[in-house]
Each structure stands twice: as C-alpha cells, then as structure tokens.
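A structural walkthrough
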Amino acid sequence: MIQSAADLTLVKDWQARMEHALSERLPTSDAEPTRLHAAMRYSVLDGGERVRPLLLFGTARTLGISEAEVEAAACAIELVHAYSLVHDDLPALEDDAVRCGRPACHKAYDEGTAVLVGDALQSLAFQLLAGDAALPASVDVRLRLISLLAEAIGASGLTGGQSLDVEARSQRRSATEVETIYEPRTGSLIRASVLMAAACAPQLGSRLQEPLGRFATALALALQMQRYPASAASGERRQRLRAEALEALSPLGPAAEPLRGLADWLLCRDS
C-alpha cells in the first residue's frame with residue numbers, strides 16, 4: 001500500500017510532473033485567442049489529484065516503461081478529463097457553479113467560452129497523441145493510443161455515459177443503474193489510462209491487456225462507490241471490487257506493486 005513517506009513522495013512527484021507537463025503543452029495565455037487560451041489553462045491547471053495520469057504512470061512503472069515515454073499520453077488523458085468537467089458544469093448538463101473550490105469555467109468566463117474550451121482541450125489531446133515527440137515514434141503505437149482514447153470518450157464511453165445520466169436525471173436510480181451510467185462515464189477513462197500505458201510497450205504483447213483491463217474496470221467501479229449513499233451493501237460491494245482489481249494483477253507478479261499501491265491509496269484516501 002502507499003503508506004510510507006517514500007510512496008507518498010512518489011505520488012506527489014508524479015502530480016508535480018503532470019502540472020509541469022500540462023503547463024508546457026497548453027497554449028500560453030498571451031497568445032491569440034488570449035481569452036480562450038487563458039480559460040483552457042484555468043480549467044486544467046492547479047486542480048485535481050490527477051488520478052488518471054497517476055494510473056498511467058503506475059502502469060508504465062509496472063511494465064518497465066519510463067514516465068518520459070508516457071507523459072504525453074498522460075497529458076492527453078487529463079486534457080479530455082478536464083474538457084468533460086468543463087462541459088459537465090454547463091447549465092445544459094449538471095449546472096454546477098463551482099469546480100474544485102473555485103468558479104466553474106462558465107462562471108469565471110462565460111458559457112460560450114466554456115463550450116469552446118472543451119472543444120479545444122479535446123482537439124489538443126489528439127494532437128499530442130499524433131505528434132508529441134516524447135511518445136514512441138511507432139505509427140502503430142500512436143494509432144493504438146488515438147483509438148483507445150477515442151473509444152473511451154465516444155458514444156460507448158464517456159459521452160454515452162453522460163447521455164444516460166441526462167436521461168435519468170429526473171428519476172430515482174438504484175445502485176445497479178448508477179453503475180450502468182458511471183461505468184462508461186468515468187470508468188472508460190480509468191480503463192484507457194491503464195491500457196494506453198500498455199500500448200506504449202507493444203513488445204510485451206497482448207497477454208497483459210486482459211488482466212490490466214479487468215483491473216481497471218474493477219477499480220473504476222470501486223471508485224464510483226464513493227458516489228453512492230453509505231450503506232453496508234455499498235461498502236461490501238466496494239471491498240469485493242477492490243479484491244477483484246488486485247486479483248486481476250496476479251499474472252503480473254511483484255512488478256505490479258505500483259498499481260496495487262495506487263489502488264489502495266485511491267480507495268482509502270477519503271476514509
């Protein structure tokens with residue numbers, strides 16, 4: 001588990017690395033169009049725990065890949081996550097005025113700018129996967145990364161989950177129905193974070209895709225249990241999912257300790 005000072009330092013180092021990497025890859029706020037660029041930086045920087053990049057870095061370390069080789073992919077994941085939050089907060093969707101303790105993008109700027117921020121962040125994410133020099137040069141690797149991210153945020157993933165949420169907003173939802181909505185809405189990016197790291201190491205073959213996918217799916221659902229009303233049933237379900245996630249890593253042996261530690265930290269950090 002991530003309990004030692006050294007482990008927590010690693011998490012903080014990864015979070016700081018992401019802040020720098022994102023800042024370097026976002027447009028500067030003094031370049032035209034300045035308002036859009038400033039709003040993009042406002043929406044991405046200085047916020048969040050960077051859960052998805054942490055999982056990408058943890059998977060990379062498990063597979064023997066350096067952080068430098070996957071840093072641009074981690075930025076792409078975080079950019080699309082930020083875009084989804086900007087759009088979620090809009091009055092047409094969740095109508096939230098505050099995000100991470102400060103005004104949501106459409107409140108700090110305006111609704112039109114917020115829509116364009118989401119569009120621009122999504123576009124920048126794919127631009128990084130296609131052209132960032134830090135990623136593996138292989139065309140096959142880059143196409144795989146683009147495919148994984150596109151699937152994660154499309155109609156069968158993030159956007160589809162958002163659509164289901166909009167449809168069900170006026171109804172009471174059971175835990176099973178909540179899982180149906182949030183598994184694609186949030187789970188798709190968690191899964192993509194893990195599989196995109198694996199895509200940067202094609203020499204390892206496809207044998208690790210299945211256990212890593214099972215790990216990511218179970219972990220994502222366990223994280224979603226934090227949204228459910230507190231109950232013995234939800235607590236038990238969360239523990240079963242945690243066990244499933246850790247069991248899925250068995251084929252990777254001791255090398256998977258970074259992912260095991262991250263899973264425990266993510267599931268225990270709010271308790």
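This text follows the structure it describes.
The structure reproduced in this document is the subject of the present report. (Residues numbered from 1 in each chain as written. Predicted model: local features only at pLDDT ≥ 70, side-chain atom pairs only at ≥ 80, totals over all residues. Heavy atoms only, no water.)

**Considering unusual backbone geometry**
Quick reminder of the rule: A helix here means a DSSP run of H or I that spans at least four residues, while a strand means a run of E at least two residues long, and both kinds are numbered starting from the N terminus. Only protein chains enter the calculation, and the probe is 1.4 Å; a residue is then buried if its accessible area is under 20% of its type maximum, exposed if over 50%, and partly exposed in between.
In the segment running from Glu-32 into Pro-33, the intervening peptide bond is cis, with an omega of -5°. Position of Pro-33 among the secondary structure elements: in the loop between helix H1 (5-25) and helix H2 (34-44). A positive phi angle, near 60°, is found at Arg-50, a position not held by glycine. The phi torsion at Cys-100 lies on the positive side, around 55°, for a residue other than glycine. A residue is classified by how much of its surface remains accessible, and Cys-100, at 56% relative accessible area, is exposed.

**Remarks on the pattern of salt bridges**
Stated formally: Basic side-chain nitrogens of Lys or Arg form a salt bridge, by our definition, when they fall within 4 Å of a carboxyl oxygen of Asp or Glu.
Counted under the stated rule, the structure contains 11 salt bridges. A salt bridge links Glu-71 to Arg-25; the shortest N-O distance between them is 2.9 Å. Here the residue Glu-71 occupies a position in helix H4 (residues 67-88), and Arg-25 occupies one in helix H1, the gap between them amounting to 46 residues. Here Glu-71 and Arg-25 have matching classes, each one buried. With a shortest N-O distance of 2.8 Å, Arg-25 and Asp-132 are connected by a salt bridge. Of the two residues, Arg-25 sits in helix H1 while Asp-132 sits in the loop between helix H6 (111-131) and helix H7 (139-153), which places them 107 residues apart along the sequence. Through salt bridges with shared partners, a single ionic network connects Arg-17, Arg-25, Glu-71 and Asp-132.

**Overview of the packing of H4 against helix H8 (residues 158-168)**
Packed helix pairs are characterised by how far apart their axes lie and by the angle those axes make with each other. Note the threshold: A fitted line through C-alpha atoms serves as each axis, taken over the contacting stretch for helices, and the angle formed by two N-to-C directions is quoted from 0 to 180°. Between 65 and 115 degrees an angle is taken as roughly perpendicular, under 35 as roughly parallel, over 145 as roughly antiparallel, and anywhere else as oblique. Crossing chirality is assigned from the near helix's rotation relative to the far helix, an anticlockwise turn below a right angle marking it left-handed and a clockwise turn marking it right-handed. The criterion used for residue contact is that any of the two residues' heavy atoms lie within 4.5 Å. When residue character is reported, Ala, Val, Leu, Ile, Met, Phe, Trp, Tyr, Cys and Pro are called nonpolar, Asp, Glu, Lys and Arg charged, and the others, Gly included, polar.
As a packed pair, H4 and H8 sit with axes 12 Å apart at the nearest point and diverge in direction by 20°. One finds that H4 runs roughly parallel with respect to H8. For the element pair H4 and H8, the recorded crossing hand is right-handed. Packed against H4, whose contacting residues are Tyr-83, Ser-84 and Asp-88, the element H8 presents Leu-158, Thr-159 and Gln-162 at the interface. Broken down by class, the residue content of the contact of H4 with H8 amounts to 2 nonpolar, 3 polar and 1 charged.

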